[in-house]
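What follows is the residue order along each chain.
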There are 2 protein chains.
Amino acid sequence: MALENQELRKAGLKVTLPRVKIYQILERAGEGDHFSAEDIYKILMEQGEDVGLATVYRVLTQFEAAGLVSRHHFEGAHSVFELARDEHHDHVVCVKCGKVREFSEPKVSEILDKVAEELGFSITERTLYLYGTCKDGCEDDKA
Amino acid sequence: MALENQELRKAGLKVTLPRVKIYQILERAGEGDHFSAEDIYKILMEQGEDVGLATVYRVLTQFEAAGLVSRHHFEGAHSVFELARDEHHDHVVCVKCGKVREFSEPKVSEILDKVAEELGFSITERTLYLYGTCKDGCEDDKA
DNA sequence: GTGTTTGCAAATAGTTTGCAAGAAC
DNA sequence: GTTCTTGCAAACTATTTGCAAACAC
């Protein structure tokens, strides 16, 4: 139970209720789950925690700065967050149901590294999002 | 001079001063030039045109819907626009100087199509942005 | 003329910030 | 006890919308 506390301390952040709770929510997420600040805020409310939305934003920003989470901007709207993992991965987003799938293709990274090399760029980050629709049952429940 | 008028008509848009002027600004852009609504608004002001910022947004949105321009969201901030071209291309963005380079790698598209296939997704669009820094002279003039 | 488009001001969505009160160490 | 953190309300940024006046055709 104190595992997340270690993570927080390691990141130079004091162990406070909002940070622990938010970290736990992110930890519980399955692959492909991404939360917006608002999502997290709502979950906290449901859990009866008294945490302000502004704090959720602040904590997520701190987590991002500490490398604990990564932030994504799917289709322009709000940001969503997920716990950072070691292996880089890219995202497929269904524009109908909002579902997100992840994938990782070493060959793509390889090619992009070469492109950067040729252009004289030193890449620090990339975003690769595929938008489309699930072919299988995909109820338009973009809640 | 009436070429852009043709484009507008083809898109089902009446030929009005704001639309023509905005189209011309986009047309003048070199490869890698991307304008935000604000950029375009400022250029119009400098040219002495009396066009509202809201109109710039409306026109750009209409152009996008008509397939005349594509919209990009580089690093979260505001949207930028460029005239749509036939060949798909991806972007490299320098986070120091803001410069944008374009590239196109058929092999990447090929791999991504395969990924989508395997995941049972039907891709309609993708965004692939590489962020980093120019290795050569790149004055931090991210104006 | 009639329907579209525009400019302006006000509204909106997502996110950030100032500040005094409260918690961590 | 001192410094970091929080909650709230207010500010901010990018963008959108309502509406009456102006324009395209």
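How each quantity is defined
- Residues numbered from 1 in each chain as written.
- Chains lettered and ligands numbered in written order.
- Predicted model: local features only at pLDDT ≥ 70, side-chain atom pairs only at ≥ 80, totals over all residues.
- Heavy atoms only, no water.
- UniProt positions renumbered as here; feature names shortened; annotations may be inferred.
- Least-squares fit on C-alpha atoms with pLDDT ≥ 70 in both.
- Contact = heavy atoms within 4.5 Å.
- Near = heavy atom within 4 Å.
- Polar contact = N/O pair within 3.5 Å; in protein donor to acceptor, adjacent residues only side chain to side chain.
- Helix = DSSP H or I, 4+ residues; strand = E, 2+ residues; numbered from the N terminus.

Chain A has the name Ferric uptake regulation protein in an unreviewed UniProt entry, where Marinobacterium marinum is given as its organism. Checking UniProt for chain A, the heading Subcellular location (unreviewed entry) contains the comment "Cytoplasm". The record in UniProt for chain A states the following under Subunit (unreviewed entry): "Homodimer."

1. Remarks on the relation of the copies chain A and chain B
By a simple turn and slide, chain A fits onto chain B: the slide is 0.0 Å along the axis, the RMSD is 0.1 Å, and the turn is 180°. Such a combination of rotation and displacement between the chain copies is what one expects of a two-fold axis. Taking C-alpha positions as the reference, the residue of chain A nearest the rotation axis is L128(A), at 2.2 Å. Comparing interface residues between copies, 100% of those in chain A also sit at the interface in chain B, which points to an isologous, same-surface contact.

2. Digging into the protein's contact with DNA strand C
In the vicinity of DNA strand C there are 19 residues, among which Y57(A), T16(B), R19(B), D50(B) and T55(B) approach most closely. Each atom of DNA strand C within 4 Å of the protein was assigned to sugar, phosphate or base; sugar and phosphate come to 71%. Between R58(A) and DNA strand C, the recorded distance is 3.3 Å, taken from a side-chain N or O atom to a base oxygen. Taking H78(A), its side chain carries an N or O atom lying 3.5 Å from a phosphate oxygen of DNA strand C. Broken down by secondary-structure element, the contributors of at least two residues to the surface near DNA strand C are α4 (53-65) of chain A together with α2 (17-28) and α4 (53-65) of chain B. If one sorts the elements of the surface near DNA strand C by residue count, α4(A) sits on top with 4 residues.

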